[in-house]
Every structure is written in structure tokens, then in C-alpha cells.
Amino acid sequence: MKKVYKFSKFFVPAVILSVLLIAGGICSVLTKGFNKGLDFAPGQSIEVQIDNDSISFEDVAKTLEPLGKKIEVKAVTNEGKVSYQIRTALTEEAPVEETDAKAAEAKEVNKDAKIMDKDEQEILGALNSAYGADKVTEIQKTTITAQYSSTLIRNSIYLVLATLVLIFVYAAIRFKWDFALASVLAIIHDALIMISFISVSGLEFTTTTIAAILTIIGYSINATVVILDRIRSDINGLEARSIKDVLNSALSATLSRSLITTITTLFAVVSLVYFTTGDIHNFAVALVVGLLSGCYSSIFIAGAFISLTRKNWKPVASVNANVVKFESN
């Protein structure tokens, strides 16, 4: 007979641990905020090549310090050539007063564009003066206006909320309401853990990060549904005295599947952490946290919620057979 682990003993400690981690993450978000990428922070990114092998990105950053602007410099290597990604935040100015909403929006966009053009000319001017105009080549420029940034943030929030609603509807149709809510709580838990980690670690928050969160939501609901399906099966056909016995049996039966799926996926994701840079590296780091959280929440968070909602569950003897069957409520 397969060994049954007493997962129910760890439901309360697991919930307390999760609450503490998420509370710490929320405090970090409120006090420290996010290291917003260009997608969510209005500004621009200018990539330049400097024909001077003796300099580093620290030298470029020092060259731009006298401008008195918030500037970040990163070295980027592509096909053996080193270029420098110079990122500037959009300078805050008083909003444009306009009665017509569309006209006001157009003026705001034009104002932002003029500010960023001015910043670009100042940066290139400083680099040309320091290293020579013939040595500095601008490769590309990416700009994000304040209007676009706020729209992107709003749409990202809507996307995540819509995903949660659709998953709840799917789970409610397939299972009972408490199973559906348990699955949604598990993926909300995973999303909050990832957001907390991103804030505390200072990982850059970009649209790639949103993609990582949505990826984990899909992964987590798949793992949770497998466990919930086994719980439903055991409720209808397992001899047990309490809902905790059912949960322990179902979680023990699906444990190897949960661990093997998580570990094999981690092999691929960890390789991305070590062998990539930039957005892909950040994406992989977020996925590692999400995968671990997803495996944990499917077992302990979803299990703890079902244990709470069905704490009064009792087995009911079948009239037509000597097999004990149970109410699924």
C-alpha cells in the first residue's frame, strides 16, 4: 500500500508562512516600490556604440553624471561588439491644461517627445565631447510616453484579473464552488509571492515579468486541477473518517507527479538563468520562484482551504453496498 503523508499537519504553518511572506512583500511594494522597466516607467532607452575599447559602462555613466539627470547605463554584448544602453527617466513637468481630452492627450505626448529629444541631444553631446563625434554611433532609440506607460499598466491589471475570473468559471464548472475558489486562491498566492520577490530583490519589472506571472498562473492551475481531481475522486470512493484523511491520501498519491513535473521544468528554467542575460534572465528568475510557489500552493494553500470549507464533512454509508461512500456537497 502506498504511503500516506500527513500533509494536513502542515496546513496551518504553511498558511502562516505564506501570509508573512506576502505581508513582507506588500510592505516592500509600499515602501520600496518596483524597479520599473522602460515599459512601465516613462522615458527612453538609447543604445550607442563607442569606438574605444579602453572604456567601460562605469566610465560612460561618469561622463553623463554632470548632466544632473537620472541615467542608467548597461553594457550590452551582441556578436562580439559592445554597446551601451543608456536609459533616462522622463522629467516630470506640470501637466498641460486643456479642456478637450483628446487635445490635452496630444499635447502631453508632444511635450514628452520634446523633453526626450532634448535629453537625447544632451546625452549624445556629452558623449561626443568626451570620446569624439566620429567615435560615437547611435544604434537605436526606444521611447515610452507617460500616457502609454499608464495605459500599459492598466491593461496589464485587467489582463490578470480577467485570467483569474475565467479560471474560476472553468474550475466552478468542473468542480464545486469551494474547489474553484481554492484554485483561484492558490494562483493569487503564487502571483503575490512573485510580485513580493520582484519588489524585494529589485528585479526589473517589465512586460516580460507580466508574461512570467501569467505563465505561472497557467502552470499552477494545471497542477492544482490534477490534485483537485484526485481529491474529488477520493471523496467519492475512499474509506476515510474525515476530510483530512481524504486530503492526505489524494496529496500523497499526486506528490510524485507534482515533484517530477516541477523539477523537470526547473531544469530548463535554471539553465536560462545561468546562460542568458537581460529580459530573458529576469523572466527565468521570476519563473523559478513561481514554479516553486506553484508546487507549494497546489498542495498546501488549496488543501488548507478545502480542509477549512469541508471541516464538517462526514462519510455516509451506502445503502446498496458495504463500500463506504462520501458526500461531496
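Right above here is the structure, for reference.
Just so it is clear, the structure is predicted and the values come from calculations on it, not from any experiment.

Q: I keep staring at the environment of Thr-224 and nothing clicks. Help me out?
A: Along the chain, the position of Thr-224 falls in helix 6 (residues 207-237). For Thr-224 and Gly-294, which are 70 residues apart along the polypeptide, the C-alpha to C-alpha distance reads 8.4 Å. Once you skip the residues sitting within four places of it in the chain, Thr-224 turns out to touch Ser-183, Ala-186, Ser-298 and Ala-302. At 2.8 Å, the side chain of Thr-224 forms a polar contact with the backbone oxygen of Ser-220.

Q: Hey, could you run me through the packing of aromatic side chains in this one?
A: Geometrically, a pair of aromatic rings is defined through the distance of the ring centres and the angle of the planes. A complete count under the given rule lists five aromatic pairs for this structure. Look at Phe-34 and Phe-205: their rings are 4.9 Å apart centre to centre, the planes differ by 35°, and that puts the pair in the tilted class. With Phe-34 in the loop between helix 1 (11-31) and strand 1 (35-36) and Phe-205 in strand 6 (residues 204-205), the pair connects residues that are 171 residues apart, well separated along the chain. The class for Phe-34 is partly exposed, based on a relative accessible area of 29%.

Q: Would you take a moment to explain the environment of Ile-188 for this structure?
A: Mapped onto the elements, Ile-188 comes out in helix 5 (residues 177-201). Residue Ile-188 is classed as partly exposed on the basis of its relative accessible area, which comes to 31%. Linking Ile-188 and Ser-297, residues 109 residues apart in sequence, is a C-alpha distance of 9.6 Å.

Q: How should I be thinking about the packing of helix 1 against helix 5 in this particular structure?
A: Helix packing geometry: the angle between the two helix axes and the distance between the axes. Relative orientation of the contacting elements helix 1 and helix 5 amounts to 45°, with a least axis distance of 8 Å. Considering their axes alone, helix 1 and helix 5 lie oblique with respect to each other. Considering only the axes of helix 1 and helix 5, their crossing is left-handed. For the pair formed by helix 1 and helix 5, the contact residues are Ser-18, Leu-21, Ile-22, Gly-25, Ile-26, Ser-28 and Val-29 on the first element and His-189, Leu-192, Ile-193, Ile-195, Ser-196, Ser-199 and Val-200 on the second. Residues belonging to the contact of helix 1 with helix 5 are distributed by class as follows: eight nonpolar, six polar and no charged.

Q: I would appreciate a short explanation of the sheet that holds strand 3 (residues 71-78) in the present structure.
A: Sheet strands pair by backbone hydrogen bonding; their relative direction is either parallel or antiparallel. Here four strands make up an open sheet; going across it, the order is 3-4-2-5 and the pairing antiparallel. Here the strands that pair on one side only, and so sit at the sheet edges, are strand 3 and strand 5 (136-144). On average, each strand axis in the sheet is inclined to that of its neighbour by 20°, with strand direction left out of account. Pairing between strand 2 (residues 43-50) and strand 5: eight bridges, direction antiparallel. Of the residues in strand 5, the one forming a bridge with Ile-50 is Val-136. Along the sheet face, helix 2 (residues 57-64) touches strand 2, strand 3 and strand 4 (81-89) and points at about 150° away from the line of strand 3.

Cut-off values and rules
Residues numbered from 1 in each chain as written. Predicted model: local features only at pLDDT ≥ 70, side-chain atom pairs only at ≥ 80, totals over all residues. Heavy atoms only, no water. Helix = DSSP H or I, 4+ residues; strand = E, 2+ residues; numbered from the N terminus. Contact = heavy atoms within 4.5 Å. Polar contact = N/O pair within 3.5 Å; in protein donor to acceptor, adjacent residues only side chain to side chain. Phe/Tyr/Trp six-rings, centres within 6.5 Å; stacked < 30°, edge-to-face > 60°. Buried < 20%, exposed > 50% of the residue type's maximum accessible area, 1.4 Å probe, protein only. Axes fitted to C-alpha atoms, helices over the stretch in contact; angles between N-to-C directions. Parallel < 35°, antiparallel > 145°, perpendicular 65-115°, else oblique. Left-handed = near helix turned anticlockwise from the far one by under 90°. Nonpolar A, V, L, I, M, F, W, Y, C, P; charged D, E, K, R; others polar. Pairing = 2+ DSSP bridges.

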